[in-house]
Protein chains: 2
Amino acid sequence: MLFSTQDIDDMPQRYRVHFINSLSGFKSANLIGTQDSLGQTNLSIVSSVFHLGADPALMGMIIRPHSTPRHTLENILETGSYTINQVTCDMAKQAHQTSARYAKQESEFDMTGLTPEYLPGVIAPFIQQSPLKIGMKLVEQEVLAVNNTVLVIGEIVSVCLDQSALNQDGSINLDKLNTVAVSGLDGYYQASKLFRLSYAKPFKEPEEIED
Amino acid sequence: MLFSTQDIDDMPQRYRVHFINSLSGFKSANLIGTQDSLGQTNLSIVSSVFHLGADPALMGMIIRPHSTPRHTLENILETGSYTINQVTCDMAKQAHQTSARYAKQESEFDMTGLTPEYLPGVIAPFIQQSPLKIGMKLVEQEVLAVNNTVLVIGEIVSVCLDQSALNQDGSINLDKLNTVAVSGLDGYYQASKLFRLSYAKPFKEPEEIED
């Protein structure tokens with residue numbers, strides 16, 4: 001089935017949003033924890049967090065300023081601080097609920113029953129229930145001219161992780177954490193490992209490796 | 001287990017690369033198909049493709065110019081054209097192998113046994129074996145000052161999809177396509193659906209919905 005530019009342009013708006021959002025494949029599910037300068041906390045689910053570099057340790061994410069993570073962006077700009085908390089299968093419904101349009105004084109922590117936790121050196125709240133939490137410092141924000149979304153780049157300042165999921169080579173066993181994968185706007189998936197593969201070299205088939 | 005900035009700085013280089021690459025959670029696996037102006041084809045696996053917007057229909061990806069997708073970036077700049085092809089579980093080993101450092105005249109299509117396919121309106125080659133293929137037109141490339149990675153933004157010009165995976169509301173059933181999810185540098189996962197959830201509204205629990 002081949003869709004042309006014209007076919008995509010002709011899609012009803014909501015259909016198109018579902019379609020285009022599904023195209024990139026599986027995405028991470030992270031809850032972004034923030035608070036404003038008065039301590040009012042906020043949580044929002046973001047599926048656009050991506051690895052940007054290991055040294056310096058950087059992560060990026062895309063925020064749509066006019067949708068629900070608006071308070072998130074305001075708080076990040078106000079305090080320079082945010083947290084990235086992996087969503088597990090058990091937390092997926094609570095995480096999804098943070099995308100509802102709550103008023104600023106209604107903290108998504110209270111609304112979903114997730115528990116704020118504070119760790120040294122980071123102003124923003126973490127989520128106690130998350131087995132992989134990352135403290136972030138804002139490095140740069142940039143409005144992308146193509147569609148006015150905002151690229152937020154941050155530096156990793158701390159990582160809190162269930163030790164059982166850390167492999168000998170530094171990689172993390174996401175299936176031991178029961179981390180969820182997301183499809184489109186609202187599809188939640190559990191992942192099971194097929195294999196890890198050896199570093200690829202020309203003219204040599206990759207081999208399955210142990211953790 | 002809490003890792004401070006200092007702990008991360010003290011990690012051996014390779015350990016750190018594995019660790020930081022794992023932090024964002026599950027990622028998409030996409031093969032980027034390109035060719036230069038002489039028709040020399042190239043494939044490279046990229047795990048940083050992300051949704052950027054539905055209208056206009058845009059996708060972004062991060063390329064490290066000094067690693068193996070170098071030919072990819074050169075070809076995109078030369079022709080303005082590239083394809084994004086979802087990696088299935090069956091193709092994962094071939095996809096991984098495209099990260100080996102082949103010379104420019106060695107096409108990863110030949111090296112991995114994946115088959116180039118050309119579709120109307122797109123110069124770059126698609127992968128015949130992929131059940132979800134996207135034709136892209138370069139809109140913008142930007143070198144990110146924080147670490148000299150390159151943000152490539154493109155517009156979706158065509159989509160080729162197995163019809164069986166398209167839901168009534170426009171979303172795509174990635175598990176019907178057997179799409180793989182990636183963790184870190186080399187972990188490949190199969191995903192199974194937990195549920196889809198209804199559009200979130202304040203003070204109302206999300207409900208599981210059908211495709």
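Residues numbered from 1 in each chain as written. Chains lettered and ligands numbered in written order. Predicted model: local features only at pLDDT ≥ 70, side-chain atom pairs only at ≥ 80, totals over all residues. Heavy atoms only, no water.

Undergrad: Is there a simple way to explain the environment of B:Gln168 in this structure?
TA: Assignment of secondary structure puts B:Gln168 in the loop between strand 11 (150-161) and helix 6 (174-177). Taking the C-alpha atoms as reference points, B:Gln168 and B:Glu210, separated by 42 residues in sequence, lie 10.0 Å from one another. (Helix = DSSP H or I, 4+ residues; strand = E, 2+ residues; numbered from the N terminus.)

Undergrad: Looking at this structure, how should I read the interface of chain B and chain A?
TA: A common way to state how big an interface is: give the accessible area lost once the parts meet. With 104 residues of chain B at the interface, the matching set in chain A holds 104 residues. Counting every contact that joins chain B to chain A gives 6 salt bridges. The shortest N-O distance in the salt bridge between A:Glu208 and B:Lys93 comes to 2.7 Å. Applying the counting rule to chain B against chain A returns 52 residue pairs in polar contact (both at pLDDT 80 or more). It is strand 13 (residues 187-197) of chain B that provides the largest number of residues to the side of chain B that touches chain A, a total of 11 residues. The class makeup of the residues in the side of chain B that touches chain A is 55 nonpolar, 30 polar and 19 charged. (Contact = heavy atoms within 4.5 Å. Salt bridge = Lys/Arg side-chain N within 4 Å of Asp/Glu carboxyl O. Polar contact = N/O pair within 3.5 Å; in protein donor to acceptor, adjacent residues only side chain to side chain. Nonpolar A, V, L, I, M, F, W, Y, C, P; charged D, E, K, R; others polar.)

Undergrad: Looking at this structure, how should I read the packing of aromatic side chains?
TA: Each aromatic ring pair is summarised here by two numbers: the centre-to-centre distance and the angle between the ring planes. Tallying each qualifying case throughout the model produces 9 aromatic pairs over all chains. Judged by centre distance (4.9 Å) and plane angle (70°), the rings of A:Phe26 and A:Tyr189 are edge-to-face. Note that A:Phe26 is positioned in the loop between helix 2 (13-22) and strand 2 (27-28) and A:Tyr189 in strand 13 (residues 187-197), a separation of 163 residues in sequence. By the burial criterion, A:Phe26 is buried, and A:Tyr189 matches it. When the ring centre of B:Phe195 is taken as origin, the NZ or CZ atom of A:Lys93, which lies over that ring, is 5.0 Å away. (Phe/Tyr/Trp six-rings, centres within 6.5 Å; stacked < 30°, edge-to-face > 60°. Buried < 20%, exposed > 50% of the residue type's maximum accessible area, 1.4 Å probe, protein only. Lys NZ or Arg CZ within 6 Å of the ring centre and 35° of its normal.)

Undergrad: How should I be thinking about the side chain of A:Thr112 in this particular structure?
TA: Of note, A:Thr112 is situated in helix 5 (residues 108-112). Among the polar contacts listed, one links the side chain of A:Thr112 to the backbone nitrogen of A:Leu114, at a separation of 3.4 Å.

Undergrad: I'm lost on helix 3 (residues 70-79) of chain A in this one. Help?
TA: Since one α-helical turn is 3.6 residues long, residues separated by three or four positions face the same way. Residues and elements named next belong to chain A. Those residues of helix 3 that fall on the buried side of the exposure criterion are His71, Thr72, Leu73, Asn75 and Ile76. Looking at the packing, one finds that the buried side of helix 3 touches strand 3 (30-35), strand 4 (41-46), strand 6 (57-63), strand 7 (81-86), strand 10 (132-143) and strand 11 (150-161). Positive phi appears at Gly80, one or two residues downstream of helix 3, with a value of about 70°.

Undergrad: Teacher, can you tell me more about the pairing of strand 6 (residues 57-63) of chain B here?
TA: Across a regular strand the side chains alternate sides, sitting on one face of the sheet and then on the other. Residue and element names in this part refer to chain B. With 7 of 7 residues buried, strand 6 lies mostly within the body of the structure. Covered by surrounding structure in strand 6 are Ala57, Met59, Met61 and Ile63 together with Leu58, Gly60 and Ile62, the residues of both alternating faces. Counting the residues between successive antiparallel strands, the hairpin from strand 5 (residues 50-54) to strand 6 contains 2 residues. Relative to strand 11, strand 6 is paired through 6 bridges, and the arrangement is antiparallel. (Pairing = 2+ DSSP bridges.)

Undergrad: Please clarify how the environment of A:Thr41 should be interpreted in this entry.
TA: Residues and elements named next belong to chain A. Looking at where Thr41 falls in the secondary structure, it is placed in strand 4. For Thr41, a relative accessible area of 12% corresponds to the buried category. Separated by 68 residues in sequence, Thr41 and Phe109 place their C-alpha atoms 7.5 Å apart. The residues touching Thr41, leaving out its near neighbours within four places in the chain, are Thr34, Gln35, Ser107, Glu108, Phe109, Tyr118 and Pro125.

Undergrad: Help me out: how do you make sense of the relation of the copies chain B and chain A in this one?
TA: At an RMSD of 0.0 Å, chain B and chain A line up after a rotation of 180° and a shift of 0.0 Å along the axis. Between the two chains, the operation in question is that of a two-fold axis. The rotation axis passes nearest to the C-alpha of B:Ala191 in chain B, at a distance of 2.1 Å. Most of the interface of chain B is mirrored in chain A, where 100% of its interface residues again form contacts. (Least-squares fit on C-alpha atoms with pLDDT ≥ 70 in both.)

Undergrad: I'm lost on the pattern of salt bridges in this one. Help?
TA: Any two side chains of opposite charge can pair, so long as their charged atoms come close to each other. Tallied over the entire structure, the rule returns 20 salt bridges over all chains. When the shortest N-O distance is used, the salt bridge between A:Arg16 and B:Asp55 registers 3.3 Å. Residue A:Arg16 is located in helix 2, and its partner B:Asp55 is located in the loop between strand 5 and strand 6; the two belong to separate chains. You can call A:Arg16 buried: its relative accessible area is 7%. Notably, a salt bridge pairs A:Asp169 with A:Arg196, separated by 2.8 Å at the nearest N-O pair. Remark: A:Arg196 occurs in strand 13 and A:Asp169 occurs in the loop between strand 11 and helix 6 (174-177); sequence separation between them is 27 residues. Classification of A:Arg196 by relative accessible area gives buried; the value is 4%. Here the salt bridges do not stand alone but share partners, grouping A:Asp169, A:Lys193, A:Arg196, A:Asp211 and B:Asp186 into one network.

Undergrad: I'm lost on the side chain of B:Ser171 in this one. Help?
TA: By the secondary structure assignment, B:Ser171 is in the loop between strand 11 and helix 6. For B:Ser171, a relative accessible area of 6% puts it in the buried group. Of note is the side chain of B:Ser171, whose polar atom sits 2.7 Å from the side chain of B:Asp169. Within the structure, B:Ser171 has its side chain in polar contact with the side chain of B:Arg196 (distance 3.2 Å). Excluding its chain neighbours within four sequence positions, the residues that come into contact with B:Ser171 are A:His18, A:Phe19, A:Ser22, B:Ala165, B:Leu166 and B:Arg196.

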